Amino acid sequence: MISINTNRFNLRTLCEKDNNDIFQFTKDPEISKYLNWESHKDIHDTNDYLTRIILLTKKFPISNLGIEVIDKNRKTIIGTVGLLPKHISSPYTYELGFVLSKEWWGKGIAIQSVQCLMKYAFENYTLERIEAFCVTENLKSWALLEKIGMLREGTRRNFFYKDKSFYDLYMYSILKNEWKEPSH
Ligand SMILES: CC(C)(COP(=O)(O)OP(=O)(O)OC[C@H]1O[C@@H](n2cnc3c(N)ncnc32)[C@H](O)[C@@H]1OP(=O)(O)O)[C@@H](O)C(=O)NCCC(=O)NCCS
């Protein structure tokens, strides 16, 4: 069970009881617009999704952590952030993913969550490289990646397919020796 506390939120391992909080943002088509899953139609979709995440987390503990805040006097999961090891041939490379409820965009919570997780990962795991991929039209996502100092390595043309359309993907990475801990 992971729990990383900051002044604004707690990053923690997810459990089945988080399903309602998670459904509040996974049902939003704008959230999954550029992601490789469809928006959830009902709570059963979220339960299935959570079951898969919880199973994966048992093997890879930082692959999906909940971003928990106090909202209206209640602890609420408002997004997720994770680092998943890539391939057996590349065991020191982890892929970054993040999702935040729209209601919480524009407050710097996503960037702070990513920075917090990266610090935890570089300090607690043998990890050389973190990489991230995002659809070129997903400006908010690649703006975040650039703000944390990730380098755009190139473009995978027509790599991502969704809703009968092909999208280009930007590839980003940061190496352990390039990582600088933020001051907040
Ligand atoms: C990608 C995503 C997480 C970005 O959310 P976000 O809130 O814009 O991200 P940040 O935490 O970096 O916040 C940046 C914004 O907060 C503002 N901000 C306010 N306080 C801030 C603070 N203390 N620190 C940093 N930024 C702050 C910034 O000015 C910026 O505003 P702007 O968007 O008007 O320029 C969100 O759009 C999302 O969940 N999208 C759907 C899922 C997705 O596409 N994930 C990426 C897959 S690759």
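Refer to the structure printed above.
Residues numbered from 1 in each chain as written. Predicted model: local features only at pLDDT ≥ 70, side-chain atom pairs only at ≥ 80, totals over all residues. Heavy atoms only, no water.

Novice: How would you sum up helix 1 (residues 19–26)? Please name residues and give values.
Specialist: Because each turn of an α-helix spans 3.6 residues, side chains separated by three or four positions in sequence point in the same direction. Among the eight residues of helix 1, six are classified as buried, and the element is accordingly described as predominantly covered. Among the residues of helix 1, those classed as buried are N19, D21, I22, F23, F25 and T26. (Buried < 20%, exposed > 50% of the residue type's maximum accessible area, 1.4 Å probe, protein only. Helix = DSSP H or I, 4+ residues; strand = E, 2+ residues; numbered from the N terminus.)

Novice: Lay out the pairing of strand 8 (residues 165–175) with the relevant residues and their values.
Specialist: Bridge count between strand 6 (residues 129–135) and strand 8: seven bridges; the pairing is antiparallel. Bridge assignment links C134 to a residue of strand 8, and that residue is Y170. The loop that links strand 7 (residues 151–162) with its antiparallel partner strand 8 comprises two residues; one of these, D163, has a positive phi angle of about 50°. (Pairing = 2+ DSSP bridges.)

Novice: Account for the sheet that holds strand 4 (residues 74–85), naming residues and giving values.
Specialist: An order of 1-2-3-4-5-6-8-7 is seen for the eight strands of this open sheet, with the pairing classed as mixed. At either margin of the open sheet sits one strand with a lone partner, and together these are strand 1 (3–5) and strand 7. In this sheet, adjacent strand axes meet at a mean angle of 25° when their direction is disregarded. Bridge analysis of strand 5 (residues 93–100) against strand 6 gives three bridges, and the strand direction is parallel. The residue bridging E95 from the neighbouring strand is E131, located in strand 6. Lying on the sheet, helix 4 (residues 109–124) is in contact with strand 1, strand 2 (10–13), strand 3 (65–71), strand 4, strand 5, strand 6 and strand 8; it crosses strand 4 at an angle near 50°. Sheet strands touched by helix 5 (residues 139–147): strand 5, strand 6, strand 7 and strand 8. Its angle to strand 6, the strand with the most contacts, is close to 155°. (Axes fitted to C-alpha atoms, helices over the stretch in contact; angles between N-to-C directions. Contact = heavy atoms within 4.5 Å.)

Novice: An account of the site of the ligand is requested, with residue identities and associated values reported.
Specialist: By nearness alone, 19 residues border the ligand, and F98, L100, G106, I111 and N138 come closest of all. Within the contact set of the ligand, an oxygen atom lies 2.8 Å away from a backbone nitrogen or oxygen of G106. One nitrogen or oxygen atom from the main chain of I111 is found 2.9 Å from an oxygen atom belonging to the ligand. For the shell around the ligand, the elements supplying multiple residues, two or more each, are strand 5, helix 4, strand 6 and helix 5. (Near = heavy atom within 4 Å. Polar contact = N/O pair within 3.5 Å; in protein donor to acceptor, adjacent residues only side chain to side chain.)

Novice: Describe the packing of aromatic side chains, naming the residues involved and giving the relevant values.
Specialist: Under the counting rule described, the total for this entry stands at eight aromatic pairs. The interplanar angle of 50° and the centroid separation of 5.4 Å between the aromatic rings of W37 and Y49 together place this pair among those described as tilted. Of the two residues, W37 sits in the loop between helix 2 (29–32) and helix 3 (43–59) while Y49 sits in helix 3, which places them 12 residues apart along the sequence. For the ring pair F122 and W179, a centre distance of 5.8 Å and an interplane angle of 35° mean the geometry is tilted. On the criterion of sequence distance, the pair formed by F122 in helix 4 and W179 in the segment after strand 8 is long-range, its members being 57 residues apart. Each member of the pair, F122 together with W179, is buried. In textbook terms, an aromatic cluster arises when at least three aromatic residues are bridged by ring pairs, as seen for Y34, F160 and Y167. Here the basic side chain of R152 rests over the ring of W142, its NZ or CZ set 4.9 Å away from the ring centre. Lying over the aromatic face of Y170, R152 brings its terminal NZ or CZ to 3.6 Å of the ring centre. (Phe/Tyr/Trp six-rings, centres within 6.5 Å; stacked < 30°, edge-to-face > 60°. Lys NZ or Arg CZ within 6 Å of the ring centre and 35° of its normal.)

Novice: Lay out the side chain of S113 in plain terms, naming residues and giving numbers.
Specialist: Residue position: S113 is located in helix 4. Under the relative-accessibility criterion, S113 is labelled buried at 1%. Those residues in contact with S113 that sit more than four places away from it in its chain are F9, L11, I67 and V81.

By themselves, these observations are geometric and do not establish any function.
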